[in-house]
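Read off the chains here:
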Amino acid sequence: MEQRSPLLIKPHKADSFPEFRKLPAELRIKIWQFAIPEARTVVIKSPHSRKTVPTSLDKVLPGGLDGAETWQSPTAVPALLHVNAEARHEALKHYSLSLGVSEAEPRVYIDFARDTLFFGQSEFTPECLPLWRKTKDFEKVQRLAIVPETAWRALQWTSEIDVASLQTLIFVHDAEKIKPGCPPQLVEDELSGTKIGLQLGLEQRVQQLEEAVTEIKTEIESPVKQRIQAAMEELETLERVLPGGWEKQVMVLTAVFRETRG
């Protein structure tokens, strides 16, 4: 007698879960909370770059780019904000529309407790200084990423802006290599699992970086050493450009952008 092969059951990939709404509210809320995205790098663009940089909020706020000068972002809006009212309620416990300029409506969703805000070189041109001075919510920013070329201007500008919550300043290298449309991922440099840091406003800040460069082991890739060395040189320059120092004490890291798909 011919033997038949066992029945093979192929796994079915569900595109939806209609029974989800029937789950207890407590369980649904836990699922939404579990679905909150990890910490993001939110790229901030000035309204002066509006013609060349589309924003993810164009579709969310039809006609929103009405000429008002305020910050915008090409970073995707967290998906939970658009699923349903229940998911949005949970997401809004983390994210809020922020960085409005004067009376202009804010257009960037930010989780200040976890997200890193990246301001590129075009956001530190002289025409952007009025925006910085009139921007709301800077006092909530905890992680600020900039390119080394703008460090002196960033420290100079933030010295007259309330950045009371700022904890980490990140020097981002090779930011210009990121292609439009490719969401970037910020990858911080580490030494044997320990982040490189120093305290701005203290006399040891340059010395600490020098020690970090010296202690780098041979197995650490040379680009990391070069970035740390560049940060050290940048801070030494800032000592001369800003002789009064910068009173805010923060951790300084180096990082690079890497492209991600999706």
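The structure under discussion appears in the preceding block.
The structure displayed is predicted, hence computed values, not measured ones. (Residues numbered from 1 in each chain as written. Predicted model: local features only at pLDDT ≥ 70, side-chain atom pairs only at ≥ 80, totals over all residues. Heavy atoms only, no water.)

In this section: the overall build of the protein chain. Tallying secondary structure elements over the protein chain gives six helices and 10 strands in all. Here the protein chain holds 262 residues, and the buried ones make up 42% of them. Excluding contacts between residues fewer than 6 apart, the proportion of contacts in the protein chain whose partners are at least 24 apart in sequence is 74%. Carbon together with sulfur atoms contributes 52% to the accessible area of the protein chain, which is approximately 15800 Å² in total. (Helix = DSSP H or I, 4+ residues; strand = E, 2+ residues; numbered from the N terminus. Buried < 20%, exposed > 50% of the residue type's maximum accessible area, 1.4 Å probe, protein only. Contact = heavy atoms within 4.5 Å. Areas by Shrake-Rupley, 256 points an atom, 1.4 Å probe, with all protein chains shown as cover.)

Should the charged atoms of two oppositely charged side chains come close, the side chains can pair. As enumerated under the stated definition, the model contains seven salt bridges in all. Ionic pairing is found between Arg143 and Glu188, a salt bridge with its closest N-O pair at 2.2 Å. Placement of Arg143 in strand β5 (residues 143-146) and of Glu188 in strand β7 (residues 184-188) is noted, with a sequence separation of 45 residues between them. (Salt bridge = Lys/Arg side-chain N within 4 Å of Asp/Glu carboxyl O.)

It is worth spelling out the side chain of His173 at this point. Structurally, His173 is set in strand β6 (residues 168-173). Of the residues examined, His173 reaches a relative accessible area of 14% and is grouped as buried.

Once that is clear, we can look at the pairing of β5. Residue alternation in β5 divides its side chains into two sets, Arg143 and Ala145 and Leu144 and Ile146, and both sets are buried. For the handedness criterion, the β-α-β arrangement of strand β4 (residues 116-119), helix α3 (residues 129-134) and β5 is classed as right-handed. As paired strands, β5 and β6 are joined by four bridges and run parallel to one another. Across the sheet, the residue bridging to Leu144 is Leu169, located in β6. Taken together, β5, helix α4 (residues 151-158) and β6 form a β-α-β motif whose crossover is right-handed. (Right-handed = clockwise from strand over helix to strand, strands pointing away. Pairing = 2+ DSSP bridges.)

This brings us to the environment of Gln167. For Gln167, the location among the structural elements is in the loop between α4 and β6. In this structure, the C-alpha to C-alpha distance between Gln167 and Val252, residues 85 residues apart in sequence, is 8.8 Å. With residues up to four places along the chain from it excluded, the contact list for Gln167 reads Gln142, Val250 and Met251.

Attention now goes to the pairing of β4. The side-chain alternation of β4 yields two buried faces, one formed by Thr116 and Phe118 and the other by Leu117 and Phe119. Sheet topology places strand β1 (residues 41-44) next to β4; four bridges connect them, and they run parallel. Opposite Val43, over in β4, you have Phe118 as the bridge partner. The pairing of β4 with β5 spans three bridges and is classified as parallel. Residue Leu117 lies in a different strand from β5, and its bridge partner there is Leu144.

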